[in-house]
Amino acid sequence: MRNYLQDYCVVSCPSLQEALMALQGTPAPIPMAGGTDLMVYLNYRRLPAGSYLDLFNIPELKQGIQIQDNKVVFSALTTYMDVRMHPYFQNNMKLLLHAAKVVGAIGIQTRGTWAGNIINASPAADGVPALMVYDAKITLASAYNERQVLLSDFYHGYKKMDRSPQEIITKITIPIPQTKDHEYYRKVGERKAQAISKVILAGRLSLDGQKKIQSIRIVYGSVMPYTYRSNKTEELLLGNELNHKLIQEAVSLIGKELQPIDDIRSTALYRRKVAQNLLEEFLCSAL
Amino acid sequence: MQIHLTINNEPKVFECQPWETLLRVLRREGYYSVRYGSDTGETGASAILLNGKVVNSDILLASQADSSIIETIEGLSKGIDLHPIQEAFLRHGAIQSGYSTPATILAAKALLQRNPNPTEKEIREAIAGVLDRETGYVKIVSAILDAAAAMRGEKTANLPLLQIIQADSKANDFVQEKAVVNRPEKKVDGMKLVKGNAAFVDDIELKGLLHAKLVTSPHAHARILDIDDSKVREYPGVRAVIHYKNIPRVRYASGGQSYPNPKPYDQVCFDNKVRYVGDRVAAIAADTLEIAQEAMKLLVVQYEVLPAVFDENQACAPGVPVIHDEPDMADAYDASKNISHRIHAKSGNTEIGFAQADFVFEHTYKVHQVQQCPIEPHIAISYWDEDERLVIRTSTQVPFHVRRMVAPLLGLPLKRIRVIKPRIGGGFGVKQEMLIEDIVGHLTIATRKPVRLEFNREEEFRSSRSRHPQTITYKTGVSKEGKLVSQKMTVIGNTGAYATHGLTVQTVTGLRGLSTYNCPNKEFDCKVVYTNIPVPGAYRGYGGPQAFLALESHMEEIAHALGIEVAEFKKKNCVKSGDPLDIAPHLGEREDPNPFIPKIASCALQQCLEEGMKRSQWHRRYDESWRNIPGKPYLKRGLGMALCMHGSAIPGLDMGGAFIKINDDGSFNLLVGATDLGTGSDTILAQIAAEVLGVPTENILVYSSDTDLTPFDTGAYASSTTYVSGNAVKLAAEKVKLQIQQRAALLLGISHPEEIVLKEQKAIALDGRFVPFDKIALHSLHEYDQQQIMATASFVAQASPPPFAAQFAEIEIDTQTGQVTVKKLLMVVDCGVAINPVTATGQIEGGMVQALGYGHCEEMVYDDKGRMVNTELGPYKIYQANEMPEMEVVLIQTVEETGPFGAKAAGEIPKDGVAPAIGSAIYNATGVRIREIPYTPQKVWQALQKAEKI
């Protein structure tokens, strides 16, 4: 090959340790899992020239899905299809299955990974809201360190996240809910063929005997510049009795809490309004 | 680097670059069934099985697949013994162009391996990743269900569900006596497609092939002050770069139409001005695609950016930039006002009509721009052959037009050009254009090497063709009794930067918009304007879908205002057999000094409507308890309807030729210029010949089309192939039949050859004695008074008998989000006698899905600089298999006397009714009329909000 085209270099490593060492290089290569997001840019030659680190054949990252006593662990290369095919999710933590199914094409579900979806940090990511709603934690490893971060603390702006270029996700840990929760996942738009305007709401709540909200998670995709867990509205709801009055308060507060993106295809006004309507639908469905 | 793979059970070692996709490596190694459709995994055309799982090879690095087990369709069957899934696909007509068929079959295979007894839903989920722009998925799903049963060992030889009703006893008798016509024959070209054989433009290997890239404009409107290509030329591996400075300026119009192409000729190969984002600036040929891509970045273009205009309603406003201000511009209606054409036609006098009417209604509708999205994008390969003639192998619907149109641009005499159309991976009108053939031609002339240019998906969106946006106003006068008295249609059509099909599409809008309902006074007034959007062109339906959205919505609005039930109102006014097509002579493609007013012959429109009302349970439209969903006040149901009418060919213009000859074994070659773009035309033309000649369809070997080998044909457009080329084939077959009868008479010693019947590959005399066709062939070719039994014939359309249909749509709407969910589409169609009911219903199902996209979710979206923002399939949304509504198609067969074996066209009419039927259903559900498509959530929601405030 002529040298002027050697600007794209893909490094493949046989082990996690070697991959993490490769990430210590300057500049650090860009890690790549299933490649379903990155390859798009590579094909159009829109990726910056440089090196890419292929993770897909690293055995330590290919440990599949482990169901343990009180948690589920996704190894880093767990794909959407792995979740679709796993019997456990047919009846448990069904939002994960739901999210896996709405990811575009079958040929993408077989290659696209949950971890890659997290790192790509698209505000419209399908998998991230479902993970966030279950309080997923990600384990980030570098050659010299390993740490856990709560997914809902991971993002802080458009494609901005708490990750150094030397780190990769090695696993995703999801605590198994201990209560029988009311769950909700809805994507306005893409599913049933409309991509023009998308709003995703993933929600989870549990009530006690007095209809008091014991736990609540409200996560939006495609509304804010990153997948967003609405802490303020959750706070308002937590510990209170779920009734129409409270729902109206929550709907009103979420309208203020969200600062929706305004783009050519969907106005902020529409996004906010639909986000409110979905929250109302979610909460009413738990009454 | 080296990768080790096991492909179809064979160990392989390939050399590849670390950044190369598996798609590219597999194709380089000859696995041509793995096909390019996108760079994003969105089309699924590149799907393979990687370790048993469906994976898109366009977004997989070859290096990532190292040590894997790969299956492609090449490994599925040997020779002509097919895998049960392939067999079922053939039997069910699950293949149209066949471009993505290998990927779909592999997805089905992976499913059936893990689940031998899948439900329809599971099948739809499993193939959801492979986009199909052609079949509507109906026959694919039924084929997979059938294959699953066969693989479980159950006895099946099922066919897809066909619902056919004979309009009358004449139709009933007519089809009874047919042997192969009106029968669900297997596609004659199905074998190569179902096996994924090398059949498409890109499926060849040429030594020294260069790869071309087109440099396009980033600006919607700009003058090119200078181009400096010196750095490009210095770049190692670049072989040629062409632009306005080194290519002769020859004016032309790119629409693939009959000679002489409609004016104005407002294009040149490369101009010193660009008129839309995606317009041609330069082209580069290089040793590899990557070199060409890199070299593009080195071209220095100095632009003077000009203000731009995008909306057709703004195009003629004072102070708007003149898009065609070049000094050699001629023949536009008024280029200084951005008007390419004015079209005016009338029958009767609408002014008097409005004065006579008891009520007058006027409404304005707006239709948007969508793209054809064939899964195979534009691709052309050119090379010099051994006779120093330029061969262009191209994915086109119009090979003969391309040859004629490209010759003056290349400066070559026509006789030095040969255009070959191999299989095409879908066209839908976007390939009725001479779009890139001149570029590869110029580059081959410049380099003397073979050159390949393929659009990627983004280029296909930005730089090919699309559907014309229009603003349509109807003004209609009605009598107290609810009869139309006067109707005027005013249209502003947006032809983008170049006029190409601008005149003819807008003319057809008028023709379609003013033909379905009887009215003594009709008028069409149209302005076609230039803007700076990417160029609209021909798209299946050709101006019809625009017209019907407006017409059918408008008619419904009138019915509601008058308090007449909408179906009753339409029935009262719609055309029937014997009614005049009074606007048609004024909206033909050629001026006719003595216009003849044609009359409608076969017509089952009323029957279509009644049958549809029965099947859709039309009474539910007026049933509150059905429209409301208990416990979900924000969800509403609605049922809607639209009538449709199309044409079959352009009368006086469309011509097709056919050539048939006998072979030693009594089989026949049928050579036609007609271009099968997945429509099944090769098959129905074979059926027509087989019916006349008394042979099974598989004894007709079809070849289409090659300007050196096949007779002329205007091409695959205007719903003309069945009607025009079909008649040509029938005439040629009848001539061959005569020669066979004569030869048989000679052999049998009979003096009246016309009494001999051709049946079951035999020429049978009245007394029962017969000669088999192989004897006739051998006798005539080798034994006595030798002659080649052969004949040619051509047919030019004198009429354009309209097919008719009633389209129904059932929806659910969420008023909180504006999301419309289409639950069911039902279409009842009169397309005459369906030569092949499987391919005909396949056309209708597939057409309805495109029409559904048009009305519901497909949309070319731009930023304020005129840059299209959703140039990927995904953000540009095409329905997947698992998102489809239920689909039902019913044929009501009439016998069209002028058609071949009673046939009319079926290809375009399914594009007409879906959008207005959805609009009608939304109105039914919510009481809100939305006069603009597509019915996307935000638009619907906003309309509902607005209505609430009033």
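Residues numbered from 1 in each chain as written. Chains lettered and ligands numbered in written order. Predicted model: local features only at pLDDT ≥ 70, side-chain atom pairs only at ≥ 80, totals over all residues. Heavy atoms only, no water.

**Q** If you had to explain the overall build of chain B to someone new, which residues and values would you point to?
**A** When helices and strands are tallied, chain B shows 24 helices and 32 strands. Relative to a compact globule of 950 residues, whose C-alpha radius of gyration would be 30 Å, chain B shows 28 Å and is just as compact. Among the 950 residues that make up chain B, the fraction classed as buried is 68%. As displayed, chain B has an accessible area near 30900 Å², and 51% of this comes from carbon and sulfur atoms. In chain B, 101 positive and 114 negative side-chain charges are present, and the distance between their average locations comes to 1 Å. (Helix = DSSP H or I, 4+ residues; strand = E, 2+ residues; numbered from the N terminus. Rg over C-alpha atoms; globule rule 2.2 N^0.38 Å. Buried < 20%, exposed > 50% of the residue type's maximum accessible area, 1.4 Å probe, protein only. Areas by Shrake-Rupley, 256 points an atom, 1.4 Å probe, with all protein chains shown as cover. Lys, Arg positive; Asp, Glu negative; His and termini not counted. Charge placed at Lys NZ, Arg CZ, Asp CG, Glu CD.)

**Q** How would you summarise the packing of aromatic side chains if you had to cite specific residues and measurements?
**A** Tallied over the full model, the rule gives 16 aromatic pairs over all chains. Taken together, a centroid distance of 6.2 Å and an interplanar angle of 70 degrees make the contact between A:Tyr226 and A:Tyr228 edge-to-face. Here the aromatic residues A:Phe74, A:Tyr80, A:Tyr88, A:Phe89 and A:Trp114 are joined through ring pairs into a cluster of three or more. Stacked on the ring of B:Tyr854, the Lys or Arg B:Arg467 has its end atom at 5.1 Å from the ring centre. Cation over ring: B:Arg929 sits above B:Tyr923, and NZ or CZ is 4.6 Å from the ring centre. (Phe/Tyr/Trp six-rings, centres within 6.5 Å; stacked < 30°, edge-to-face > 60°. Lys NZ or Arg CZ within 6 Å of the ring centre and 35° of its normal.)

**Q** So what's going on with the packing of helix α2 (residues 84-92) of chain B against helix α5 (residues 138-151) of chain B? Residues and values would help.
**A** All names here are of chain B. Contact geometry for α2 and α5: axes closest at 8 Å, N-to-C directions at 140 degrees. By the angle between their directions, the pair α2 and α5 is classed as oblique. The two elements α2 and α5 meet at a crossing, and its hand is right-handed. In contact with Pro84, Ile85, Ala88, Phe89, Arg91 and His92 of α2, α5 contributes Lys139, Ile140, Ser142, Ala143, Ile144, Asp146, Ala147 and Met151. Taken together, the residues of the contact of α2 with α5 sort by class into 9 nonpolar, 2 polar and 3 charged. (Axes fitted to C-alpha atoms, helices over the stretch in contact; angles between N-to-C directions. Parallel < 35°, antiparallel > 145°, perpendicular 65-115°, else oblique. Left-handed = near helix turned anticlockwise from the far one by under 90°. Contact = heavy atoms within 4.5 Å. Nonpolar A, V, L, I, M, F, W, Y, C, P; charged D, E, K, R; others polar.)

**Q** A description of the interface of chain A and chain B should follow, citing residues and the corresponding values.
**A** Facing the 56 residues of chain A at the interface are 65 residues of chain B. Summed over both partners, the interface of chain A with chain B buries about 5300 Å², with 54% contributed by carbon and sulfur atoms. Across the contact surface, chain A and chain B share 3 salt bridges. Our count for the chain A to chain B interface comes out at 9 residue pairs in polar contact (both at pLDDT 80 or more). Elements represented by at least two residues in the side of chain A that touches chain B include exactly β1 (8-12), α2 (38-43), α3 (80-85), α6 (106-109), β11 (182-188) and α11 (268-285) of chain A. (Buried area = accessible area lost by both parts, 1.4 Å probe. Salt bridge = Lys/Arg side-chain N within 4 Å of Asp/Glu carboxyl O. Polar contact = N/O pair within 3.5 Å; in protein donor to acceptor, adjacent residues only side chain to side chain.)

**Q** Break down the pattern of salt bridges for me, with residues and values.
**A** Two side chains of opposite charge can pair, provided their charged atoms sit close to one another. Within this structure, the stated rule accounts for 81 salt bridges over all chains. Its salt-bridge partner being A:Arg147, residue A:Glu167 comes within 2.7 Å of it at the nearest N-O pair. Taken together, the positions of A:Glu167 in the loop between β9 (160-161) and β10 (168-175) and A:Arg147 in strand β7 (residues 145-150) put the pair 20 residues apart, joining distant regions of the chain. With relative accessibility at 24%, the residue A:Arg147 sits in the partly exposed group. A salt bridge links A:Arg229 to A:Glu234; the nearest nitrogen and oxygen atoms lie 2.9 Å apart. A:Glu234 shares its class with A:Arg229; the two are buried. The structure contains a network of salt bridges with shared partners spanning B:Arg27, B:Arg35, B:Asp202, B:Asp203, B:Arg452 and B:Glu454.

**Q** Explain the state of the cysteines to me, and be specific about the residues and the numbers.
**A** On inspection of all chains with the given rule, the structure shows 0 disulfides over all chains. There is no disulfide at B:Cys608, and the cysteine sulfur nearest it, in B:Cys603, is 7.9 Å away. (Disulfide = S-S within 2.5 Å.)

**Q** An account of the domain arrangement of chain A is requested, with residue identities and associated values reported.
**A** Assigned domains of chain A: these are domain 1 (5-54), domain 2 (59-175) and domain 3 (182-284). Placing a centre on the C-alpha atoms of domain 1 of chain A and another on those of domain 3 of chain A gives a separation of 37 Å. (Domains from an automatic or database assignment.)

**Q** Residue-level account of the domain arrangement of chain B, with values.
**A** The domains assigned to chain B are domain 1 (2-71), domain 2 (210-306 + 372-463), domain 3 (320-370 + 469-597) and domain 4 (655-796). Computed over C-alpha atoms only, the centres of domain 1 of chain B and domain 4 of chain B are separated by 44 Å.

**Q** Explain empty space enclosed by the protein to me, and be specific about the residues and the numbers.
**A** Residue and element names in this part refer to chain B. Tallying each qualifying case throughout the model produces 6 cavities of 30 Å³ or more. Here the largest cavity is characterised by a volume of approximately 200 Å³. Lining the largest cavity are 23 residues; nearest its centre among them are Gln267, Tyr276, Asp279, Arg280 and Arg465. A breakdown of the residues in the lining of the largest cavity according to their chemical character gives 13 nonpolar, 4 polar and 6 charged. (1 Å grid on protein atoms, 1.4 Å probe; cavity = no way out; pocket = protein on both sides within 12 Å on 5 of 7 lines; lining within 4 Å. Points joined across faces, edges and corners; volume = space filled by probe spheres on them.)

**Q** Give me the packing of helix α20 (residues 721-748) of chain B against helix α21 (residues 773-783) of chain B: which residues, what numbers.
**A** The description of two helices packed together rests on the angle between their axes and the distance between the axes. All names here are of chain B. Contact pair α20 / α21: the axes reach a minimum separation of 10 Å and the direction vectors enclose 85 degrees. The angle between the axes of α20 and α21 places the two elements in the roughly perpendicular class. In this structure, α20 uses Ile740, Arg743, Ala744, Leu746 and Leu747 to contact α21, whose residues at the interface are Phe773, Ile776, His779 and Ser780.

**Q** Mind laying out the sheet that holds strand β12 (residues 199-207) of chain A, listing which residues take part and the relevant values?
**A** All names here are of chain A. The 4 strands lie next to each other as β11-β12-β13-β14, forming an open sheet whose pairing is antiparallel. Since the sheet does not close on itself, it has two edges, and those belong to β11 and β14 (228-229), each with one partner. Along the sheet, helix α5 (residues 94-102) contacts β11 and β12; its crossing angle with β11, the most-contacted strand, is approximately 15 degrees. (Pairing = 2+ DSSP bridges.)

**Q** Tell me about the nonpolar core, and please be specific about residues and values.
**A** Ranked by size, the top nonpolar core spans 169 residues in total, and within it B:Leu22, B:Phe89, B:Phe524, B:Tyr876 and B:Ile918 carry the most contacts. Residues within four places of B:Ile918 in sequence aside, it is in contact with B:Ala809, B:Ile811, B:Val820, B:Val822, B:Leu852 and B:Tyr935. Within the second largest apolar cluster, 87 residues are counted, among which are A:Val83, A:Ala202, A:Ile216 and A:Tyr226. (Core = buried A, V, L, I, M, F, W, Y, C linked by side-chain atoms within 4.5 Å.)

**Q** Please give an account of the confidence of the model for chain B that cites residues and values.
**A** Per-residue pLDDT for chain B averages 96, and the proportion of residues at 70 or more is 99%. Under the prediction, the complex receives an ipTM of 0.89, its pTM being 0.95. (pLDDT = per-residue confidence, 0-100.)

**Q** Residues and numbers for the sheet that holds strand β3 (residues 50-54) of chain A, please.
**A** The strands making up a sheet associate through hydrogen bonds between their backbones, and the pairing can be parallel or antiparallel. Residue and element names in this part refer to chain A. Pairing in this open sheet of 3 strands is parallel, and the strands run β1-β3-β2 from one edge to the other. Of all the strands in the sheet, just β1 and β2 (30-32) have a single pairing partner and so form its edges. The average angle at which neighbouring strand axes cross in this sheet is 30 degrees, direction not considered. Note: β2 against β3, 3 bridges, orientation parallel. Note on β3: the bridge partner recorded for Ile30 is Tyr52.

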